[in-house]
Amino acid sequence: MSSSTFSALQEKLGSNVGLILDDPSSSLGISKRKWHSAFITIYCSRAFLSLQPSTLPKHTNSKFISRTLSYTIVRVEPVTVPIINGFKADQQILTELVKEKNLNHLQELGGVAELASALKTDAEHGINGDDAEDIAHRHKAFGSNTYKKPPTQGFLHFVWEAFKDLTILILLGCAALSLGFGIKEHGLKEGWIDGGSICLAVILVISVSAISNYRQSRQFDKLSKVSNNLQIEAVRNGRRQLISIFEIVVGDVICLKIGDQVPADGLLLEGHSLSVDESSMTGESDHVEVSVHENPFLFSGTKIADGYGRMLVTSVGMNTNWGAMMSQISQDTSEKTPLQARLDKLTSSIGKVGLAVAFFVLVVMLVRYFTGNTEDENGNKEYNGSKTKSDDITNAVIGIVAAAVTIVVVAIPEGLPLAVTLTLAYSMKRMMVDNAMVRKLSACETMGSATTICTDKTGTLTMNQMKVTKFWLGKESVEEEAYSSISPDVVDLIQEAVALNTTGSVYRPSLDSEIEISGSPTEKAILSWAVHGSKMDMEIVVKSCSILHVEAFNSKKKQSGVLVKRKADDSIHVHWKGAAEMILAMCTSYYNASGLVKDIGEDEKRKFEQIIQGMAASSLRCIAFAHKQVPAEEQLNADQKFVLKEDGLTLLGLVGLKDPCRPGVKKAVEECQNAGVNVKMITGDNVFTAKAIATECGILRPGQDMFGAVIEGVEFRSYTPEERLEKVEKICVMARSSPFDKLLMVQCLKQKGHVVAVTGDGTNDAPALKEADIGLSMGIQGTEVAKESSDIVIMDDNFASVATVLMWGRCVYNNIQKFIQFQLTVNVAALVINFVAAVSAGQVPLTAVQLLWVNLIMDTLGALALATEKPTKELMEKPPVGRTVPLITNIMWRNLLPQALYQITVLLILQFRGKAFFGVSDKVKDTLIFNTFVLCQIFNEFNARKLEKKNVFKGIHTNKLFMGIIAVTIVLQVLMVEVLKKFADTERLNWGQWGLCIGIAVISWPIGWLVKCMPVPAKPIFSYLKKKNKHSV
């Protein structure tokens, strides 16, 4: 061997080449010397071959996994593999690999299996979820599955937003001028009071408004965290388990099924008929086929459109495109609901009236001042032409402008939007406790107007706790104890049909531990029946066959199929499972208990149909299994793709699954019906099962005419549009319906003028959920696609929670109406009093500070008190509120006008005759007016609690917040009158004067009781005015 060859060989084999080539004759026996020679021959020949460039394998420069060439095995010393963060992986390479969909690079790295190994993941059993240190290590190396959010708006942002209100800015300008001239005229000690008082009052109003908006913002953030916290099915320690999306780490094995959101970037380990909707990432609406060999790349945030599979997580959180994108998006919490839009119009209308009154007051007061018709406290004229100082004129004008602006502040009911915000935020929080998570604010109020609820059956009306209670083999019903008498060949086929054609799984940690079954309720029931009834060993059955192709179940086909190859004899078999009548239509023969195959003639078909109908009439969901052995040449179609035979099958058996009705669902349906809301059941089950469950739930009544009340989806679909509109209202149950039928029904009902709420849980329900006025998705069984299309998520999948949401919706609307009634009373009274006093006496009895205080009571504290009333059963005794019904009803006008008239009368008497009646000074008289006005609002707040009921105190002890606000308001009013005299420009009152104020205010209670005895016309008042206008035209 030449020295150059030896040195090259030494470079390849390492420093121990000499040791390998050393003469071993002296130290080894004959047999060992032979083995040594063979060792040298084999490995030296490999080393020499490796020196030829042409025979060198293509080697990647990737830092990702240190791959060794085959000749390196001759090294005596172990190979040192570069470790990055404890794993043979680099996050940047992982991210780029999936992002660029680089299949060549993936193959160079050894494929998905090699990556799983590099990430210390068992592709079959996942990572060790119990090893906290390993999880922490993965977090450190690859990050957590969370993304950075834009900073939330701080408290100062909301303060600044409140400051930007035009009336507030005008008031602050007036306060600043008043402060400047006051200090100049009276010195700092006395001169700051007028301007400072307005400033403090304005700051108080701003603070309360900012705090309310800030709290609402925080409430949205909390709800956002809850709605984003998806439960994902992961495989850890060989067991399928639900974990939070935020707990997912790189290396996790995630199970995906139709409707799921892909929780992180990753690679497909195994999958069947998997297609993904990548529109959220790419904007392309076409679904992308994902397969292990051709396109194994999965992106976070995309949705599974069809099929199922398992993925290996390679990037999480900010290392994914979705994370980077979401970190730039801040949630819009400024969504305007329809009710808020209507209230904005109302506020604008009232504001215009207030502005007109304020302008008129401003003009009248300025004219009176400059014509010398106003006097100061000493009875002297305030304006004496050129003799009056310019500072005095400026001060007087500022005071007049401040009074006019304050009238605008009181007139504009800015408390209305605040009341809606408060009541919606409060309702959202309370509804969360009642198992309903609001995703769109508008749904809260729209639900109160719902006239029809279209509900699913499974899991909503029923408990979704399936159990196989009937098994038919051929034309015979087989009890569990008689399973041993069934032919072993038939048992093997049934076990094969159950174990291979399923999305569920069976896990047994050890022989002495209990079996854990996971999957959908239907899959779990069938697997449980096979495992416990026929003693199926899932692992043995799965290992005995290899799956060639899968037709995944969806709500349109209502069946799933699998093409398998038996390892024992290489024979190919197809298995179908699905809705019994659909599978039966595909069969031409059936197995009996003895294992004999018999033809299905017309008589046999009728018999099977009767069996199916009999099970359905007993509220059982009927599922059939069918099988066929397929010749090898028939397994592929003309395009060389696997195809599953759908005809000439042999019926294996029928199972009946019992899904009991939820307790309380009948009562909830009854409550909805009593509230004038129609409940319709739309289900994929057959007509007999649907009818039985609908009767049990109270949707169908015993003795009800079933003609037109119960139909199948195909029949509804075949109607002409005119026929559908004519018949849709009578339909109570639609069986064997597709998601398209549900969408069609929603569209028809909306055309008929109904406000429609729809429940849905599947991906295909998304169009109907979006089309409906209120989309209600299911929190447990619902797919992520369904949840994203919905307005409210029912967390416990229970129809009783739907009825609760209906009650809360009505409560929101009712609370807003209470507040409008309360606020309009104050608006009307304050405007009329100030207007009359200004025009007649040349001054307003209520100062700017006092009016701002009234504004605070009625806007903020009033909104908080009335907007947080809880729903009562009385709300469910009224018909739904229509879309076009006026916000201010005749009942509200009846309640508020007498109260406003009473307050105006009393306060104007005090204004013009109070001084003479009670022998008091002007200051005390103005304080009496202010105090009486505020106390009238406090007592009237009780009246506003009930719009129609005479007993306004019913249930008051349950609303501690209301009582607390009333107590706080009274205490603050006492402080304003008795302590903060200079600030509020008031005079202390004696006990008798306080008694007088309370006596006048308390009369609002009997007035409230009396006016509720007055009947009101059903037709809105303004509709009569419109008619008159039309006639006059």
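Cut-offs applied
- Residues numbered from 1 in each chain as written.
- Predicted model: local features only at pLDDT ≥ 70, side-chain atom pairs only at ≥ 80, totals over all residues.
- Heavy atoms only, no water.
- pLDDT = per-residue confidence, 0-100.
- Helix = DSSP H or I, 4+ residues; strand = E, 2+ residues; numbered from the N terminus.
- Contact = heavy atoms within 4.5 Å.
- Pairing = 2+ DSSP bridges.
- Axes fitted to C-alpha atoms, helices over the stretch in contact; angles between N-to-C directions.
- Phe/Tyr/Trp six-rings, centres within 6.5 Å; stacked < 30°, edge-to-face > 60°.
- Buried < 20%, exposed > 50% of the residue type's maximum accessible area, 1.4 Å probe, protein only.
- Patch = residues over 30% accessible without salt bridge, like charges linked within 9 Å, V, L, I, M, F, W, Y side chains within 5 Å.
- Areas by Shrake-Rupley, 256 points an atom, 1.4 Å probe, with all protein chains shown as cover.
- Salt bridge = Lys/Arg side-chain N within 4 Å of Asp/Glu carboxyl O.
- Core = buried A, V, L, I, M, F, W, Y, C linked by side-chain atoms within 4.5 Å.
- Parallel < 35°, antiparallel > 145°, perpendicular 65-115°, else oblique.
- Nonpolar A, V, L, I, M, F, W, Y, C, P; charged D, E, K, R; others polar.
- Expected span 1.5 Å × (residues − 1).

**Some words on the confidence of the model for the protein chain**
So, step 1. Residue-level pLDDT values for the protein chain average 80, and 84% of them are 70 or greater.
So, step 2. Per-element confidence in the protein chain is highest for strand 17 (residues 587-591), whose mean pLDDT is 94, and lowest for helix 2 (residues 17-21), whose mean pLDDT is 44.
So, step 3. A low-confidence stretch, residues 1-28 (pLDDT under 50), is modelled with 38 contacts involving residues beyond four sequence positions or located in other chains.
So, step 4. A low-confidence stretch, residues 49-81 stays under pLDDT 50, and its non-local contacts, those more than four residues away or across chains, total 43 contacts.

**What about the sheet that holds strand 23 (residues 733-735)?**
Pairing between the strands of a sheet is mediated by backbone hydrogen bonds and can be parallel or antiparallel.
So, step 1. The sheet built from eight strands is open, its strands ordered 8-26-25-24-9-21-23-22 with mixed pairing. Since the sheet does not close on itself, it has two edges, and those belong to strand 8 (436-438) and strand 22 (710-712), each with one partner. The mean inter-strand angle of the sheet, taken between neighbouring strand axes irrespective of direction, is 20°.
So, step 2. Sheet topology places strand 9 (residues 452-455) next to strand 24 (residues 756-760); three bridges connect them, and they run parallel. Residue pairing for strand 24: Cys454 is matched across the bridge by Val758.
So, step 3. Sheet contacts for helix 25 (residues 739-751): strand 9, strand 21 (678-682), strand 23 and strand 24; angle to strand 24, the most-contacted strand, approximately 170°.

**Side note on the packing of aromatic side chains**
So, step 1. Evaluated as defined, the whole model comprises 15 aromatic pairs.
So, step 2. Arranged with centres 5.0 Å apart and planes meeting at 70°, the rings of Phe939 and Trp1005 form a pair that is edge-to-face. Placement of Phe939 in helix 31 (residues 922-943) and of Trp1005 in helix 35 (residues 1004-1011) is noted, with a sequence separation of 66 residues between them.
So, step 3. Accessibility expressed as a relative area gives 14% for Phe939, which makes it buried.

**Quick look at the environment of Gly698**
So, step 1. Assignment of secondary structure puts Gly698 in the loop between helix 22 (687-697) and strand 22.
So, step 2. For Gly698, a relative accessible area of 13% puts it in the buried group.
So, step 3. In this structure, Gly698 is in contact with Lys666, Val669 and Gln673, ignoring residues within four places of it in sequence.

**Some thoughts on a nonpolar patch on the surface**
So, step 1. Together, Val968, Val971, Leu972, Leu975, Val979 and Leu980 line one region of the surface with nonpolar side chains, adding up to about 470 Å² of accessible area.
So, step 2. Following the sequence through the fold, Leu980 ends up in the loop between helix 32 (960-978) and helix 33 (981-984).

**Concerning the nonpolar core**
So, step 1. Core analysis: the biggest nonpolar cluster contains 154 residues, and Ile792, Phe799 and Ile820 have the highest contact counts within it.
So, step 2. Sorting elements by how many residues they give to this core places helix 28 (residues 799-841) first, with 21 residues.
So, step 3. Residue contacts for Phe799: discarding those within four places in its chain leaves Ile453, Thr455, Thr460, Leu461, Arg662, Val665, Ala668, Val669, Cys672 and Val679.

**Re the packing of helix 34 (residues 991-1002) against helix 35**
So, step 1. Where helix 34 contacts helix 35, the axes come no closer than 5 Å and their chain directions differ by 5°. Viewed along their axes, helix 34 and helix 35 adopt a mutual orientation that is roughly parallel. Touching Ile1000, Ala1001 and Val1002 of helix 34 are Ser1004, Trp1005 and Pro1006, all from helix 35.
So, step 2. Class assignment for the residues of the contact of helix 34 with helix 35 results in five nonpolar, one polar and no charged.

**Quick word on the pairing of strand 7 (residues 303-315)**
So, step 1. Counting buried residues along strand 7, 12 of its 13 residues qualify, which places the element largely inside the surrounding structure.
So, step 2. For strand 3 (residues 253-257) and strand 7, the ladder comprises five bridges, and the chain directions are antiparallel. When the bridges of strand 7 are listed, Cys255 appears paired with Arg310.
So, step 3. Pairing geometry for strand 4 (residues 265-277) and strand 7, over 10 bridges, is antiparallel. When the sheet's bridge partners are listed, Val276 is paired in strand 7 with Ile304.

**A look at the pattern of salt bridges**
So, step 1. As enumerated under the stated definition, the model contains 29 salt bridges in all.
So, step 2. Of the charged contacts, one joins Lys742 and Asp456 as a salt bridge, the two residues approaching to 2.7 Å between their closest N and O atoms. Of the two residues, Lys742 is situated in helix 25 and Asp456 in the loop between strand 9 and strand 10 (467-473); the sequence distance between them amounts to 286 residues.
So, step 3. The exposure class of Lys742 is buried, given its relative accessible area of 3%.

**Some points on helix 4 (residues 91-99)**
In an α-helix, one full turn covers 3.6 residues, which means residues spaced three or four apart are oriented alike.
So, step 1. For helix 4, the full list of buried residues reads Gln91, Ile93, Leu94, Thr95, Leu97 and Val98.
So, step 2. At its buried positions, helix 4 is contacted by helix 5 (103-108), helix 6 (111-118), helix 7 (132-142), strand 4, strand 6 (297-298) and strand 7.
So, step 3. Positive backbone phi, approximately 50°, marks Lys101, located one or two places after helix 4.

**Notes on helix 31**
So, step 1. Spanning 22 residues, helix 31 covers 32 Å between terminal C-alpha atoms, matching the ideal 32 Å at 1.5 Å per step.
So, step 2. In terms of residue burial, helix 31 counts as a mostly covered element, since 20 of its 22 residues are buried.

**Topic: the side chain of Asp926**
So, step 1. Locating Asp926 in the fold gives a position in helix 31.
So, step 2. Residue Asp926 is classed as buried on the basis of its relative accessible area of 18%.
So, step 3. Setting aside residues no more than four positions away along its own chain, Asp926 makes contact with Pro845 and Gln911.

**Focus: the pairing of strand 20 (residues 649-658)**
So, step 1. Taking burial as the measure, the 10 residues of strand 20 include nine buried ones, the bulk of the element.
So, step 2. The pairing of strand 10 with strand 20 spans five bridges and is classified as antiparallel. Counted as the bridge partner of Val468 is Leu657 from strand 20.
So, step 3. Here strand 17 pairs with strand 20 via three bridges, running parallel. Bridged to Cys587 within strand 20 is Leu649.
So, step 4. Direction of pairing for strand 19 (residues 620-630) relative to strand 20: antiparallel, over a ladder of eight bridges. Bridge assignment links Cys622 to a residue of strand 20, and that residue is Gly656.

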